[in-house]
There are 2 protein chains.
Amino acid sequence: MELLFAYFEVKSGTLLTDMEKKRIASRFLAKRLRKRQYLLQEGDICKYFSFIVQGAARTYSVDEKGNEHILHFGTSGWWVGDNESFTLHTPTRYNIDMLGDTELLVITESDLQELIDTISAVSKTIAAISSQRVISAEKRIHAAISQTPEERFAALNAAYPDFLQKFPLNMIASYLGISTKTLGRIRNNSK
Amino acid sequence: MELLFAYFEVKSGTLLTDMEKKRIASRFLAKRLRKRQYLLQEGDICKYFSFIVQGAARTYSVDEKGNEHILHFGTSGWWVGDNESFTLHTPTRYNIDMLGDTELLVITESDLQELIDTISAVSKTIAAISSQRVISAEKRIHAAISQTPEERFAALNAAYPDFLQKFPLNMIASYLGISTKTLGRIRNNSK
DNA sequence: TCCCCTACGGGACAAATGTCCCCTGCCCTT
DNA sequence: AAGGGCAGGGGACATTTGTCCCGTAGGGGA
């Protein structure tokens with residue numbers, strides 16, 4: 001829980017009072033999931049957004065051929081959940097599962113909304129995250145339409161060098177939207 | 001200006017008072033640009049976000065080889081601008097130019113922030129847009145990493161059937177991240 | 001301890017996509 | 001009215017990417 005407090009304080013640029021911390025703590029629920037357990041499955045409504053305290057998760061879809069496509073990775077200090085399902089209450093197309101034993105802090109939409117409405121550090125944080133999300137999503141769209149797989153891989157390494165250590169190559173390939181074969185060729189060329 | 005008022009009212013689900021309309025009107029600046037004129041050029045800081053009253057625009061980058069990559073189209077009732085440059089005050093990588101004679105309503109970040117802080121319809125609208133933006137950006141990322149060009153084209157047609165009439169095929173191809181050749185082949189197959 | 005599953009890489013081939021020509025017709029400008 | 005530029009499409013070919021085999025090594029679970 002301390003990590004979450006620190007997160008709100010850093011992102012908002014303000015300090016939380018003890019009272020606010022108590023209120024935040026009362027709205028989040030600690031959850032532990034083991035490797036390969038699911039936080040969300042295709043068809044579910046995403047009722048919770050989750051802050052990763054420790055561990056790692058992936059958000060992915062499965063197509064008709066059974067291929068998995070990873071939309072997001074999440075590690076300590078990141079949020080996971082399907083925005084669309086969470087805000088519109090529609091069934092999700094995605095699955096979220098854990099890549100290792102993971103500790104989460106989960107919250108419902110109404111509880112989150114209440115914290116946003118009453119704690120300025122929370123509302124500032126959410127606004128900041130939301131803006132960041134748009135910016136990074138647009139960067140990724142731009143990368144997808146304008147860069148070669150090789151350039152996208154290089155950019156990923158530059159932005160998140162730890163991903164290569166943390167996640168297996170087949171997942172990296174899936175995240176980049178390429179086959180493991182192409183990723184393998186890229187890695188051969190660059191060494 | 002009426003279109004903008006209606007836009008805020010619909011998106012926020014609330015009505016604007018005459019006073020609020022006046023305040024909004026005083027912060028936006030009407031701007032007319034003719035076909036091929038630029039609203040933003042690579043290297044500029046994006047000082048204004050613009051609401052398109054009438055006309056059409058595109059946001060695109062130019063790579064080392066001189067190829068253009070269209071990140072966004074905008075038509076009547078849409079916003080154009082580079083989020084990253086606008087919020088972080090960094091030089092933009094994008095160009096925005098008009099695809100026909102266009103009427104815009106432009107606003108600076110500080111003026112927009114003031115309207116957000118003082119008019120609840122505006123703040124609700126911006127929050128709603130922001131959420132929508134994230135959702136649609138994630139859909140587009142998902143499409144890019146999980147679908148074939150053919151599927152992406154079909155999805156684009158389903159979502160924005162008017163794009164095909166409104167924009168030339170080379171721009172559609174650029175938006176989809178494929179060559180005009182591939183787009184041509186797709187269109188031949190589907191008829 | 002053993003076994004199985006998974007990650008990872010290689011080779012051969014197929015399929016998809018891009019590039020570079022060409023040509024045509026149309027619109028806009030002069 | 002004429003000319004220039006651009007959208008669009010076709011053919012031939014190169015390149016990239018994916019698919020389907022295969023094998024190996026290592027780690028986790030029974």
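Computed from a predicted structure; not experimentally measured.

Calculation criteria
Residues numbered from 1 in each chain as written. Chains lettered and ligands numbered in written order. Predicted model: local features only at pLDDT ≥ 70, side-chain atom pairs only at ≥ 80, totals over all residues. Heavy atoms only, no water. Near = heavy atom within 4 Å. Polar contact = N/O pair within 3.5 Å; in protein donor to acceptor, adjacent residues only side chain to side chain. Helix = DSSP H or I, 4+ residues; strand = E, 2+ residues; numbered from the N terminus. Buried < 20%, exposed > 50% of the residue type's maximum accessible area, 1.4 Å probe, protein only. UniProt positions renumbered as here; feature names shortened; annotations may be inferred. Contact = heavy atoms within 4.5 Å. Nonpolar A, V, L, I, M, F, W, Y, C, P; charged D, E, K, R; others polar.

Undergrad: Any chance you could explain the protein's contact with DNA strand D here in plain terms?
TA: Neighbouring DNA strand D are the residues Pro149, Ile178, Ser179, Lys181, Thr182 and Arg185 of chain A together with Pro168, Leu169, Asn170, Lys181, Arg187 and Asn188 of chain B. Sugar and phosphate atoms constitute 51% of the interface atoms of DNA strand D, taking the interface as everything within 4 Å of the protein. Measuring from a phosphate oxygen of DNA strand D, one finds a backbone N or O atom of Leu169 of chain B at 2.5 Å. Breaking the surface near DNA strand D down by element, the ones donating at least two residues are helix 9 (180-189) of chain A together with helix 8 (169-176) and helix 9 (180-189) of chain B.

Undergrad: What exactly am I supposed to notice about unusual backbone geometry here?
TA: With the exception of glycine, the majority of residues adopt a negative phi angle, and the majority of peptide bonds are in the trans configuration. All names here are of chain A. The backbone of Arg36 shows a phi angle near 75°, a positive value even though the residue is not glycine. Summarising the element assignment, Arg36 is placed in the loop between strand 1 (29-33) and strand 2 (38-40). With phi around 60°, His89 is a residue other than glycine that occupies positive phi space. By secondary structure assignment, the location of His89 is in the loop between helix 3 (83-88) and strand 7 (95-98). On the basis of relative accessible area, His89 is assigned to the partly exposed category, the value being 47%.

Undergrad: How do you make sense of the UniProt feature "domain: Cyclic nucleotide-binding" (unreviewed entry) in chain A when you look at a structure like this?
TA: According to UniProt, the "domain: Cyclic nucleotide-binding" (unreviewed entry) feature falls on residues 16-116 of chain A. Secondary structure within residues 16-116 of chain A divides into 24% helix and 43% strand; the distance between the first and last C-alpha atoms comes to 13 Å.

Undergrad: What's the story with the side chain of Thr92 of chain B in this structure? I'm lost.
TA: Residue and element names in this part refer to chain B. Relative to the assigned elements, Thr92 resides in the loop between helix 3 (83-88) and strand 7 (95-98). Judged by its relative accessible area of 3%, Thr92 falls in the buried class. Among the polar contacts listed, one links the side chain of Thr92 to the backbone nitrogen of Tyr94, at a separation of 3.0 Å. With residues up to four places along the chain from it excluded, the contact list for Thr92 reads Leu40, Gln41, Glu42, Gly43, Asp44, Asp82 and Ser85.

Undergrad: Any chance you could explain the protein's contact with DNA strand C here in plain terms?
TA: Residues in contact with DNA strand C, as listed here, are Pro168, Leu169, Asn170, Lys181, Arg187 and Asn188 of chain A together with Pro149, Ile178, Ser179, Lys181, Thr182 and Arg185 of chain B. At 2.8 Å from a phosphate oxygen of DNA strand C is found a side-chain nitrogen or oxygen belonging to Arg187 of chain A. One of the side-chain nitrogen or oxygen atoms of Ser179 of chain B is found 2.7 Å away from a phosphate oxygen of DNA strand C. If you list the elements that add at least two residues to the surface near DNA strand C, you get helix 8 (169-176) and helix 9 of chain A together with helix 9 of chain B. Grouping the amino acids of the surface near DNA strand C by side-chain chemistry returns 4 nonpolar, 4 polar and 4 charged.

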